Amino acid sequence: MNLATKDIRHNFGRFALTTVGIGMLLMIVMGMGGIYRGLIHEAALFVKQVGADIWVVQGGTRGPFAEVSRIPANLEDRVRAVPGVASARRFVSHTIQRQHRGRPLRMVVQGLSWPEDRGDWVPVTAGRPLRQAHYEMIADGSLGLLLGEKVKLGKDVYEVVGLTKGMVGTGGDGLCFFTTSDAEAIQFDVPGEALRLERAARLSRLEGMDLGRVTPLLSERVIGQASELPALAPPQVSAIMLTLQPGTDIAKVAETISTWPDVTVYSRQQQVDLLLSGMVDKAKRQLGLFRALLIIISAIIMALIIYTLTLDKIHDIAMLKLMGARNGVIIGLILQQALLIGVLGYGLAYWLGTYAFPKFPRLVVIENQDLLSLGVIVLGISVFASLMGIGKAMGVEPNKVLS
Amino acid sequence: MIADANNTPAVEAIGLTKIYGSGNTEVVAMKDVSVTLAHGEVVALLGPSGAGKSTFLTAIGLINPPTAGRITIGGQPVMDADRALVDVRAYRRQHLGFVFQKANLMPFLSAMENVSVAMEINDVAPRDARKRAMELLEYLGVADRADHLPDALSGGQQQRVAVARALANRPSLILADEPTAALDSHRGRQVMELFRKVAHEHGSAVIVVTHDHRSLEVFDRTYEMEDGELRSHPSSP
């Protein structure tokens, strides 16, 4: 006869509520681990998907995933000349938040080096990659945009021609792919009045110089388009991504480009490592602390509940002792209940998680290794939780029945 | 009364003394108590509260050891002063049965399970334990309530189940502490007669602590305790 299950059946309501409570706590613990894994997955997703072998970034910086990196776009042509380089693409990426259909629309604007890169590598789940140089975009499904929907960004309107799933930036915002020139147009879009004021300022600065006074034709140039002024650098990009020819030694190409004093070179793995050791590392520690706290709280709650359940049975335990029951029978009664609460709570956490986690705003990745380690922890805290109750039960004298 | 083949008494207590505290706070709860019970003998123990009845019962029940004296059960010495000569917990489950004022049934077990659990903790196979539990419940007239939880049983039915539990392991000695206190006189008498029937048919010695003087004719002998001392009651044969 299993006394633990008999007692549970008798106190089913309390046991079920306790198990549900523990299960939900464990679901949060499980979810915390999943959010951390999701952060890693999302952070490294773009770097892995884009398929670049080498990243060339501003000299002395850690690249666009760690800090601001600015390099001239024409660096793309310079690196193409390096032996072993198959292709070079500009990396333009920035986050914007605009109002669309009456609600905020926050996205990561990702530039594709048209015409070499039309986004054929982007895992499109509906629609197609880019097929024209302007006014088309591929949007992630998390943004809630529909295929064929038109979105006004800056002064232009872009049509959603493709949809992806799970393509998000390191901050969890959905990625939107545009041609690089469109991405820059969105990034550097300023109101007409700002342009007019800037041109007036340029003219004023020119008029204050000797050159401006002796060459009046210059004044016509400075109030024109910025791209026509050689004194102003063209828009810069964050990085250049290189794809090497098959069989090329990545280290050798990286070493060659590293000798240029104006840039720094990273391999794909180095970029992933930089990402993970930067922002994700802090999130990892934060989530880790939360998990540890929740596990401690779960253990304390379980211990209190098991202790209370034991106190309720003190008279019955004294009676069992009086009848001559071995300690193993009494320990088994308490330990089995603690383990049942732990195991059922864990199962409930997993079951609830399969429904709840996909609805979380950030990706939650539950890996078997994490499930296993949490399972072992749950067994551990179940045993720990029962210790207080067992201690109390062992101290009960059989003559307690007489009181 | 059933005589053992070798005329070995069911239980023999010699010079039992129990002293609580020491020095100025010393209290003598039981003083040089000696008693011998034959198999199948039913003995009543009377006395006011604080007379030492429960101390005697817990001493002879191997729950609360005496300060001095010897206890022998079924011919085997089990306690010499406060030194146990056997594994008392194992001895209790194999040779002793207890019934109290309250039935003390486990609320999460059915009547049948309350009886069979006493056998299962004594290593009886579950199937055999259930079979004997049903036989005992039938014998005590509560078989129709076998599947009910204690909450669903009347006080008398609960006490019958408690008696069945005490009988489960065919004990040499049954100790009952005011088993009829919570029952009306009719039910109380029924339970007392039950003890007599059980003792005579099963050969167990039974000691019943009681305040109920109306059922004393049920017992083979009656003792009275006062100030820790045991003596024969005038009604005793």
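For the structure, see preceding data.
Bear in mind the structure is a predicted one, so any value in this text is a computation, not a measurement.

A short note on the overall build of chain A
Piece 1. The secondary structure content of chain A amounts to 13 helices and 13 strands.
Piece 2. Against the 2.2 N^0.38 benchmark of 22 Å for 403 residues, chain A shows a C-alpha radius of gyration of 32 Å, more extended than a compact globule.
Piece 3. For the C-alpha atoms alone, the extent of chain A along its principal axes is close to 115 × 50 × 45 Å.
Piece 4. Looking at chain A as a whole, 44% of its 403 residues are labelled buried.
Piece 5. Long-range pairs, those at least 24 residues apart, make up 76% of the contacts in chain A between residues at least 6 apart in sequence.
Piece 6. Only carbon and sulfur atoms are counted for the fraction: they give 61% of the accessible area of chain A, which is about 19700 Å².
Piece 7. Of the side chains in chain A, 41 bear a positive and 34 a negative charge, and the two mean positions are spaced by 9 Å.

Observations regarding the overall build of chain B
Piece 1. A count of helical and extended segments in chain B gives 6 helices and 11 strands.
Piece 2. Oriented by its inertia axes, the alpha-carbon framework of chain B measures out at about 55 × 40 × 35 Å.
Piece 3. When burial is assessed residue by residue, chain B has 56% of its 237 residues classed as buried.
Piece 4. Residue pairs at least 24 apart in sequence account for 68% of intrachain contacts in chain B once pairs closer than 6 positions are excluded.
Piece 5. On chain B, roughly 9800 Å² of surface is accessible, and the fraction owed to carbon and sulfur atoms is 46%.

Examining the layout of surface pockets
Residues and elements named next belong to chain A.
Piece 1. What the second largest pocket holds in volume is close to 420 Å³.
Piece 2. In this structure, the second largest pocket is lined by 27 residues; those nearest its centre are Pro64, Phe65, Ser93, Thr95 and Thr170.
Piece 3. In terms of residue class, the lining of the second largest pocket is made up of 12 nonpolar, 10 polar and 5 charged.

Here we look at the interface of chain A and chain B
Piece 1. Facing the 23 residues of chain A at the interface are 24 residues of chain B.
Piece 2. Both sides of the chain A and chain B interface together cover about 2400 Å² of buried area, and 62% of this is carbon and sulfur.
Piece 3. There are 2 salt bridges connecting chain A and chain B.
Piece 4. A salt bridge links Lys6(A) to Glu113(B); the nearest nitrogen and oxygen atoms lie 2.4 Å apart.
Piece 5. Elements with a minimum of two residues in the side of chain A that touches chain B: α1 (3-10), α11 (314-322) and α12 (327-356) of chain A.
Piece 6. At 6 residues, α11(A) tops the list of elements feeding residues into the side of chain A that touches chain B.
Piece 7. For the side of chain A that touches chain B, the residue count by class is 11 nonpolar, 5 polar and 7 charged.

A word on empty space enclosed by the protein
Residue and element names in this part refer to chain B.
Piece 1. Applying the stated criterion across every chain yields a total of 4 cavities of 30 Å³ or more.
Piece 2. Roughly 120 Å³ of internal volume is contained in the largest cavity.
Piece 3. Residue contributions to the lining of the largest cavity peak at 3 residues, all from strand β7 (residues 96-99).
Piece 4. Per-class residue counts for the lining of the largest cavity are 7 nonpolar, 2 polar and 3 charged.

Examining the nonpolar core
Piece 1. Counting 151 residues, the largest nonpolar core has Trp55(A), Phe56(B), Ile60(B), Val115(B) and Phe195(B) as its most contacted members.
Piece 2. At 16 residues, helix α2 (residues 12-50) of chain A tops the list of elements feeding residues into this core.
Piece 3. Setting aside residues no more than four positions away along its own chain, Phe195(B) makes contact with Val42(B), Val99(B), Val163(B), Ile174(B), Ala176(B), Pro179(B), Val206(B) and Val208(B).

Some details on unusual backbone geometry
Piece 1. In this structure, Pro115(A) follows Trp114(A) across a cis peptide bond, with omega equal to 5°.
Piece 2. Relative to the assigned elements, Pro115(A) resides in the loop between β5 (103-112) and β6 (124-127).
Piece 3. Unlike most non-glycine residues, Arg101(A) shows phi in positive territory, near 50°.
Piece 4. Inspection of the secondary structure assignment puts Arg101(A) in the loop between β4 (93-100) and β5.
Piece 5. One non-glycine residue, Asp32(B), lies in positive phi territory at about 50°.
Piece 6. By the secondary structure assignment, Asp32(B) is in strand β2 (residues 27-37).

A few points about a nonpolar patch on the surface
Piece 1. Among the surface-exposed residues, Phe290(A), Leu293(A), Ile297(A) and Ile301(A) lie close enough to one another that they form a single nonpolar patch of about 340 Å² accessible area.
Piece 2. By secondary structure assignment, the location of Ile297(A) is in helix α10 (residues 279-312).

So, the environment of Pro150(B)
Residues and elements named next belong to chain B.
Piece 1. Within the secondary structure, Pro150 sits in the loop between α4 (126-139) and α5 (155-167).
Piece 2. Owing to a relative accessible area of 5%, Pro150 belongs among the buried residues under this scheme.
Piece 3. On a C-alpha basis, the gap between Pro150 and Asn104 in space is 9.3 Å, while along the polypeptide they are 46 residues apart.

Digging into the environment of Ser185(B)
Piece 1. Topologically, Ser185(B) is positioned in helix α6 (residues 185-202).
Piece 2. A sequence separation of 128 residues divides Ser185(B) from Leu57(B), and the C-alpha atoms of the two residues are 23 Å apart.

Examining the pattern of salt bridges
Residues and elements named next belong to chain A.
Piece 1. In total, this model carries 26 salt bridges over all chains according to the counting rule given.
Piece 2. Residues Arg80 and Glu76 are paired through a salt bridge, measuring 3.0 Å at the closest nitrogen-oxygen approach. Linking Arg80 with Glu76, this pair stays in helix α3 (residues 75-80), spanning 4 residues, or about one helical turn.
Piece 3. Take Glu76: its relative accessible area is 5%, and that puts it in the buried class.
Piece 4. Ionic pairing is found between Arg196 and Glu193, a salt bridge with its closest N-O pair at 3.2 Å. A residue pair is termed a helical-turn pair when its members lie 3 or 4 positions apart in one helix, as Arg196 and Glu193 do in helix α5 (residues 192-207) at 3 residues.
Piece 5. Given the relative accessible area of 52%, Arg196 is considered exposed.
Piece 6. What you see here is one network of salt bridges that share partners, running through Glu76, Asp77, Arg80, Arg90 and Glu116.

Cut-off values and rules
Residues numbered from 1 in each chain as written. Chains lettered and ligands numbered in written order. Predicted model: local features only at pLDDT ≥ 70, side-chain atom pairs only at ≥ 80, totals over all residues. Heavy atoms only, no water. Helix = DSSP H or I, 4+ residues; strand = E, 2+ residues; numbered from the N terminus. Rg over C-alpha atoms; globule rule 2.2 N^0.38 Å. Buried < 20%, exposed > 50% of the residue type's maximum accessible area, 1.4 Å probe, protein only. Contact = heavy atoms within 4.5 Å. Areas by Shrake-Rupley, 256 points an atom, 1.4 Å probe, with all protein chains shown as cover. Lys, Arg positive; Asp, Glu negative; His and termini not counted. Charge placed at Lys NZ, Arg CZ, Asp CG, Glu CD. 1 Å grid on protein atoms, 1.4 Å probe; cavity = no way out; pocket = protein on both sides within 12 Å on 5 of 7 lines; lining within 4 Å. Points joined across faces, edges and corners; volume = space filled by probe spheres on them. Nonpolar A, V, L, I, M, F, W, Y, C, P; charged D, E, K, R; others polar. Buried area = accessible area lost by both parts, 1.4 Å probe. Salt bridge = Lys/Arg side-chain N within 4 Å of Asp/Glu carboxyl O. Core = buried A, V, L, I, M, F, W, Y, C linked by side-chain atoms within 4.5 Å. Patch = residues over 30% accessible without salt bridge, like charges linked within 9 Å, V, L, I, M, F, W, Y side chains within 5 Å.

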